[in-house]
Amino acid sequence: MPIGWYIVPYVREIGSYLPGPSRQCAMNIYTDTIYSAGGWWAETEVLGNRAIAKVRATTTVLTTLNGVAGFKRLPKDRLDDSLADLPLAVKQALKDELLDMGYTGTEIQDRLGEDLGAHTLRDVLKFMTTRRLKPRYDSGEDEIIVDGAIQLCRSVESVDLEVVE
Amino acid sequence: MPFPTTPILDNFNRGDEGPPPSASWTDVVNGLEVNTNECAGDTVGTNRSYWNIRTFGGNCEGYYTISVHDVGSGIYARQTLPPMDDGYFVNASEWQDKVMIYRNDNGVDTKLGADINQVFANGDKVGIQCIGSSISAWFDDGGAGWGSIGTRTDDTYSAAGSLILYIEAQTGRADDFGGGTIRVPRNPAAYNTLAVY
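Presented here is a report on the structure given in the accompanying data block. (Residues numbered from 1 in each chain as written. Chains lettered and ligands numbered in written order. Predicted model: local features only at pLDDT ≥ 70, side-chain atom pairs only at ≥ 80, totals over all residues. Heavy atoms only, no water.)

### A look at the nonpolar core
Judged by nonpolar contacts, the single largest core of 32 residues is most densely connected at Tyr 64, Val 126, Ile 128, Leu 165 and Phe 177 of chain B. If near-sequence neighbours (up to four positions away) are discounted, Phe 177 of chain B is found in contact with Ile 8, Leu 9, Asp 10, Phe 12, Trp 25, Trp 51, Tyr 63, Tyr 64, Ile 75, Leu 163 and Leu 165 of chain B. Counting 25 residues, the second-largest nonpolar core is a separate cluster that includes Trp 5, Met 101, Leu 121 and Val 163 of chain A. (Core = buried A, V, L, I, M, F, W, Y, C linked by side-chain atoms within 4.5 Å. Buried < 20%, exposed > 50% of the residue type's maximum accessible area, 1.4 Å probe, protein only. Contact = heavy atoms within 4.5 Å.)

Rendered as structure tokens:
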């Protein structure tokens, strides 16, 4: 069954009857769709209130996910796929995503160099999982803000192992 | 690992009391109470109390029986108390027929992975098991016994913490709350390898 890697946002859960304010990986909205197709998904939360999610599903379902606002399908499907053949615009979009997550240009340069084409998907995803931040709740604004202490990310290898083809 | 491996801590078989249900509990949000030999929520909102005798973990488990099925309930483990408010919990969203596993950060709940479809009935049991970075939801519908219905991987919080039980609103009931520290057995294969040398 086909697989795909996505960068997806965290979204607020509304009406959950939970004790406190809650958030979820937006991929969960499509859990029933994915499961109904015999698929599976797993995620690791990363910097910038986002998650890297790996999905196993039918081509039809993956196409649906590709079109969801806020979901970004990564250009390769396997961790050891080289990024060498990616167009410059695609590689730049990946770099822009890293910057938008909250990594600095210096961090990106130091870890990944000038050309992402010299790397694999694994290299970029491992960089994305360098850190995430602890969330908090602003009751005045009724907003979950992710700007606290640095926390560890689940490894991409762990996600990759959980979602087998 | 089998589940559970620890005893019932409170069967609530006593006169109406609380909140909290006894001196072994401390209220966190509103509170729980004993009502007709079962545990009930004190308010129409969230009712949360923790077992204050001791903390459990890092590897630990907690469980309870949904004696009267209503809006929702759940159990926290490895939970630090406010103002830190960090840990993990299994939410039995009884009104949605779903179980979810959450990480709690500063009182903000982050769902780990996908919702788990689960129909509820009076007498069902719900549990949480934390072993290393594996956070599992367990369920027993009184038929085949306990079974793990979902596991998530998260290693943010590994230290010992409190077990907290919560019940939404006043109609639902819980019973036979239990849990404790899990003793994970040593790897027999590794032990035998050492014995060779």
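So that's the structure; there's more coming.
### Regarding the state of the cysteines
Residue and element names in this part refer to chain B. Applying the stated rule across the entire model yields 0 disulfides over all chains. Cys 60 provides the cysteine sulfur closest to Cys 130, a residue in no disulfide bond, and the two sulfurs are 4.5 Å apart. Since its relative accessible area comes to 0%, Cys 130 is described here as buried. (Disulfide = S-S within 2.5 Å.)

### Some remarks on helix H2 (residues 59–66) of chain A
All names here are of chain A. Along H2, the residues classified as buried are Val 61, Leu 62 and Leu 65. Viewed along the axis of H2, the buried residues span an arc of 100 degrees, placing them on a single side of the element. Exposed residues pointing more than 90 degrees away from the buried face of H2 are listed as Thr 59 and Thr 60. (Helix = DSSP H or I, 4+ residues; strand = E, 2+ residues; numbered from the N terminus. Arc of directions from axis to C-beta.)

### Focus on empty space enclosed by the protein
One way to see where empty space is left: roll a probe the size of a water molecule over the atoms. Enumeration over the complete set of coordinates arrives at 4 cavities of 30 Å³ or more. Approximately 120 Å³ is the volume attributed to the largest cavity. Counting residues per element, the ones that place at least two in the lining of the largest cavity are strand S3 (40–46) of chain A together with strand S14 (147–153) of chain B. Considering each element in turn, the lining of the largest cavity owes the most residues, 3 residues, to S3 of chain A. The class makeup of the residues in the lining of the largest cavity is 4 nonpolar, 4 polar and 8 charged. (1 Å grid on protein atoms, 1.4 Å probe; cavity = no way out; pocket = protein on both sides within 12 Å on 5 of 7 lines; lining within 4 Å. Points joined across faces, edges and corners; volume = space filled by probe spheres on them. Nonpolar A, V, L, I, M, F, W, Y, C, P; charged D, E, K, R; others polar.)

### Looking at helix H3 (residues 88–101) of chain A
Residue and element names in this part refer to chain A. The terminal C-alpha atoms of H3, which comprises 14 residues, lie 20 Å apart, in line with the 20 Å expected from a rise of 1.5 Å per residue. Buried within H3 are the following residues: Lys 91, Leu 94, Lys 95, Glu 97, Leu 98 and Met 101. Buried residues in H3, looked at end-on, bunch into an arc of 150 degrees, giving them a common side. What points out from H3, more than 90 degrees from its buried face, is the exposed set Leu 88, Ala 89 and Asp 100. Residues of H3 that are buried make contact with strand S1 (3–12), S3, strand S4 (50–56), strand S5 (72–73), helix H4 (105–112) and helix H5 (121–128). Gly 102 sits one or two positions beyond H3 and adopts a positive phi of about 130 degrees. (Expected span 1.5 Å × (residues − 1).)

### Section: the environment of Val 11 of chain A
Residue and element names in this part refer to chain A. Relative to the helices and strands, Val 11 is located in strand S1. The class for Val 11 is partly exposed, based on a relative accessible area of 24%. Excluding residues within four positions of it along the chain, Val 11 makes contact with Ser 22, Arg 23, Gln 24, Ala 26 and Ile 29.

### Quick word on the pattern of salt bridges
Evaluation of the coordinates by the stated rule reveals 26 salt bridges over all chains. A salt bridge links Arg 136 of chain A to Asp 147 of chain A; the shortest N-O distance between them is 2.8 Å. A residue pair is termed long-range when its members are at least 10 positions apart, and Arg 136 of chain A in strand S6 (residues 132–138) and Asp 147 of chain A in strand S7 (residues 143–151) qualify at 11 residues. A relative accessible area of 33% places Arg 136 of chain A in the partly exposed class. Its salt-bridge partner being Arg 14 of chain B, residue Asp 10 of chain B comes within 2.8 Å of it at the nearest N-O pair. Relative accessible area serves as the criterion here: at 25%, Arg 14 of chain B is assigned to the partly exposed category. One salt-bridge network, held together by shared partners, links Arg 23 and Glu 45 of chain A together with Arg 103, Asp 105 and Asp 154 of chain B. (Salt bridge = Lys/Arg side-chain N within 4 Å of Asp/Glu carboxyl O.)

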